[in-house]
Amino acid sequence: MTWRPLHNEDPDRLYTVTGGRSSANEESLDLVTLIVSECDPAPGMQSEHIRILHMCKQPMAVVEISSHLGMPVGVVKILLCDLLDTNRITARHPTSAPSGRKQAQLPDPDILKQVLVGLHKL
């Protein structure tokens, strides 16, 4: 078995990337929040921000961004909050049903039990 570090990044590098911050406004982002670029990178931007803007031309989940960057999710959330604060990206939270429609009704539990019994009899 070969030893492989969890993350390839040096802790000092991650500290520098985040500007020493250890947390972000995490209630606005979760692992499946979709991130979409709203602009092109500007000269002088941090390289990680540029990579995120290029990756997110199509919607991409926070966890996917973390994987592509090879950085911990907490660090990626800090970078994403930087971009959100400057309106360079938007965050789309997945929903279970469109807000204009009624929420889907769950089937009656008695009917589900009858279906299960019927399947067992097959």
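As named in an unreviewed UniProt entry, the protein is DUF742 domain-containing protein, taken from Saccharopolyspora gregorii.

Draft legend 1. Representation of the pattern of salt bridges in the model. According to the stated counting rule, one finds one salt bridge in the structure shown. The salt bridge involving K57 is made with D40; its shortest N-O contact spans 3.2 Å. Of this pair, K57 sits in the loop between helix 2 (47–55) and strand 2 (60–61) while D40 sits in the loop between strand 1 (34–37) and helix 2; the two residues are 17 residues apart in sequence, bridging distant segments of the chain. K57 gets classed as partly exposed once you look at its relative accessible area, which sits at 47%. A residue is classified by how much of its surface remains accessible, and D40, at 52% relative accessible area, is exposed.

Draft legend 2. Highlighting the packing of helix 2 against helix 3 (residues 62–69). Their axes nearest at 11 Å, the elements helix 2 and helix 3 cross at an angle of 125°. When the axis of helix 2 is compared with that of helix 3, the two are oblique. Two packed elements cross with a definite hand, and for helix 2 against helix 3 that hand is right-handed. On the side of helix 2, the interface is formed by R51, I52 and M55, while helix 3 contributes I65, H68 and L69. Across the contact of helix 2 with helix 3, the residue classes tally to four nonpolar, one polar and one charged.

Draft legend 3. How the structure looks around helix 4 (residues 73–85). Across its 13 residues, helix 4 extends 18 Å between first and last C-alpha, which sits within 8% of the 18 Å expected from 1.5 Å per residue. Residues of helix 4 that are buried include every one of V75, V76, K77, I78, L79, L80, C81, D82 and L83, and no others. Remark: N87 follows helix 4 within two positions and exhibits a positive phi of approximately 60°.

Parameters at a glance
- Residues numbered from 1 in each chain as written.
- Predicted model: local features only at pLDDT ≥ 70, side-chain atom pairs only at ≥ 80, totals over all residues.
- Heavy atoms only, no water.
- Salt bridge = Lys/Arg side-chain N within 4 Å of Asp/Glu carboxyl O.
- Helix = DSSP H or I, 4+ residues; strand = E, 2+ residues; numbered from the N terminus.
- Buried < 20%, exposed > 50% of the residue type's maximum accessible area, 1.4 Å probe, protein only.
- Axes fitted to C-alpha atoms, helices over the stretch in contact; angles between N-to-C directions.
- Parallel < 35°, antiparallel > 145°, perpendicular 65-115°, else oblique.
- Left-handed = near helix turned anticlockwise from the far one by under 90°.
- Contact = heavy atoms within 4.5 Å.
- Nonpolar A, V, L, I, M, F, W, Y, C, P; charged D, E, K, R; others polar.
- Expected span 1.5 Å × (residues − 1).

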